[in-house]
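Inside the fold
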Amino acid sequence: MKHFNLLKGSLLAAAAVVAMWTPHSASACTGVSFRAADGSYVVGRTMEWSSFVMDSRYMVVPRGYTMVAQTPSGDDGMKITAKYGYVGIGVLKDNLLAEAVNEKGLMGELFYFPHYGVFEEYNPKYNATTIEDGQFLSWAVANFATIDELEKELKNIHVVPYGRGFGTAHFRLADATGRQVVIEYLDGTPTVFEDKVGVVTNAPSFEFQMLNLNNYVNLMPGAAPTREIAPGVELRPFGAGSASLGLPGDVTPPSRFVRAVFYVTSARQQPTGHDAVLQTFQILNNFDIPVGIEYPDPKVMPDMLSATQWTTAVDLKGLKFYYRTQYNSTLRCIDLSKIDFSTVKHQLRDLDLIKEQPVEYITIR
């Protein structure tokens, strides 16, 4: 296992990554995070997938629940028994867990990572300690209370590619202490990056995304100063935010990463976890992606409102899991502190993804 506390590597390596990168029409998830003045730590993300509706369901998993991981051969993999109860969202109506948080405040999220992730080659003799990448989060939140605990056990599992052709993934983990990391399998072994900016998107690697921030060293909140460039010729901003001119607005992962870092680091700190949750959803509005810009031929566009199928925010101190969907922007919340994970039944429930947004009509007299 490799561990990156400070960024390592070379600009030449980063340039090679950029040269290899090819866009993918379906991967555009964005993650942000905020710490409130009361010590609350809120982590939020959008889930984009513009090819089809992902049949997303939230799940509640009790302590003691056992699942058996899948392997590419179809044989049973690692047996995962939940030491901690957790709540999460599964997609494709199987065991592919896209994100989850457990009763101790450890949460994890899966982000699409095409062309860059390289998981370990599957070997049947390790089936007892093998999981597919789509079950990595189930293993994480079922077993650990903190990232420190999880990190010590990474070397003891074998993570192999999800065997249904959806590409590779990387993972963001955060815990109630405020530590946040991105875990990427770049050469078959896990690399742990300390995510001190609290942002994650997709490919290329997290190391590249951090190096790329140096291209935007001139950006800052506020207004650029008025200056005279020649006698009687004065340049002045047209309006607010002129010091952020040049902030990328496209939906590629590197541009979304830069934009998310700018919004996260320039946002005002909120007093409470609840306020930080509302701020998280407001900022993530900037990353909703309409279906259309990813399809050069409008005839092949799916019949979907948006590529952004759902958005979440999780208060890791308050143990509250909030979500909204593309058709219903009403915030819904699962309060983990009110769940008895020793007696609750394992359950899966649809997110009502295609339930249309209710409209409240105002009567004028």
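First things first, this report covers the structure right here in the doc. (Residues numbered from 1 in each chain as written. Predicted model: local features only at pLDDT ≥ 70, side-chain atom pairs only at ≥ 80, totals over all residues. Heavy atoms only, no water.)

**Here we look at the overall build of the protein chain**
Definition in use: What counts as a helix is a DSSP run of H or I of at least four residues, what counts as a strand is a run of E of at least two, and both are numbered from the N terminus. In this description the radius of gyration comes from C-alpha coordinates, and the expected globular size is given by 2.2 Å times residues to the power 0.38. Relative accessibility under 20% of the residue-type maximum defines a buried residue, over 50% an exposed one, and the middle range a partly exposed one, all with a 1.4 Å probe and only protein chains included. What makes two residues a contact is simply this: any of their non-hydrogen atoms within 4.5 Å. To measure how exposed things are, a 1.4 Å probe is used in the Shrake-Rupley method; for residues, cover is taken only from the protein chains shown. By the counting scheme adopted, Arg and Lys are positive, Glu and Asp are negative, and His together with the chain ends is not counted. To locate a charge, the coordinates of NZ of Lys, CZ of Arg, CG of Asp or CD of Glu are taken.
In terms of helices and strands, the protein chain carries 6 helices and 20 strands. Radius of gyration (C-alpha) of the protein chain: 21 Å, near the 21 Å computed for a compact globule of 365 residues. Across the 365 residues that make up the protein chain, the buried fraction comes to 52%. The long-range share in the protein chain, meaning contacts at least 24 apart out of those at least 6 apart in sequence, stands at 69%. Carbon and sulfur atoms make up 55% of the accessible area of the protein chain, which totals about 17100 Å². In the protein chain, 32 side chains carry a positive charge and 38 a negative one; their mean positions are 5 Å apart.

**Side note on helix H6 (residues 273–284)**
Where we set the bar: In this scheme, a helix's expected span is set at 1.5 Å multiplied by one less than its residue total.
A rise of 1.5 Å per residue sets the reference length of H6, with its 12 residues, at 16 Å; its end C-alpha atoms lie 16 Å apart and thus fit the reference within 8%. Taken residue by residue, H6 has Gly273, Ala276, Val277, Gln279, Thr280, Phe281, Ile283 and Leu284 as its buried positions.

**Notes on the environment of Gly222**
Its location among the elements puts Gly222 in the loop between helix H4 (206–212) and strand S15 (227–230). Since its relative accessible area comes to 40%, Gly222 is described here as partly exposed. Between the alpha carbons of Gly222 and Gly239 there is a distance of 9.9 Å; along the sequence they are 17 residues apart.

**Notes on the pairing of strand S2 (residues 31–35)**
Selection rule: Think of it this way: DSSP has to see at least two bridges between two strands before they count as a pair.
Taken across its 5 residues, S2 has 4 buried, putting it largely inside the fold. Hairpin connection of S2 to strand S3 (residues 41–48): 5 residues between the antiparallel strands, including Gly39 at a positive phi of 95 degrees.

**A closer look at the pattern of salt bridges**
Applied cut-off: Should a side-chain nitrogen of Lys or Arg be within 4 Å of a carboxyl oxygen of Asp or Glu, the pair is scored as a salt bridge.
This model, assessed by the stated rule, comprises 9 salt bridges. Its salt-bridge partner being Glu103, residue Arg63 comes within 2.8 Å of it at the nearest N-O pair. Taken together, the positions of Arg63 in the loop between strand S4 (57–61) and strand S5 (66–68) and Glu103 in the loop between strand S8 (96–102) and strand S9 (107–112) put the pair 40 residues apart, joining distant regions of the chain. For Arg63, a relative accessible area of 37% puts it in the partly exposed group. Glu103 gets classed as buried once you look at its relative accessible area, which sits at 17%. Among the ionic pairs, Lys320 bridges to Asp335, the shortest N-O distance being 3.9 Å. Note that Lys320 is positioned in strand S18 (residues 320–325) and Asp335 in strand S19 (residues 328–335), a separation of 15 residues in sequence. In this structure Lys320 comes out as partly exposed when scored by relative accessible area, which is 26%. By relative accessible area, which is 16% here, Asp335 ends up buried. Look at the salt bridges and you will find they share partners, linking Asp148, Glu151, Arg179 and Glu194 into a network.

**Some words on a nonpolar patch on the surface**
Put simply, the test is: The patch calculation keeps residues exceeding 30% relative accessible area without a salt bridge and links them within 9 Å when they carry like charges or within 5 Å when they are nonpolar (Val, Leu, Ile, Met, Phe, Trp, Tyr).
Together, Ile229, Val233 and Leu235 make up an exposed nonpolar region whose accessible area comes to about 230 Å². On the secondary structure map, Val233 appears in strand S16 (residues 233–235). On the accessibility criterion, Val233 (37% relative accessible area) is partly exposed.

**Remarks on the nonpolar core**
To keep things clear, this is the line we draw: In these notes, a set of buried Ala, Val, Leu, Ile, Met, Phe, Trp, Tyr and Cys residues joined through side-chain atoms within 4.5 Å is what counts as a nonpolar core.
Core analysis: the biggest nonpolar cluster contains 81 residues, and Phe136 and Trp139 have the highest contact counts within it. By residue number, the principal contributor to this core is helix H2 (residues 136–143), which donates 6 residues. Within the second largest apolar cluster, 7 residues are counted, among which are Ala36, Val42, Val277 and Ala313.

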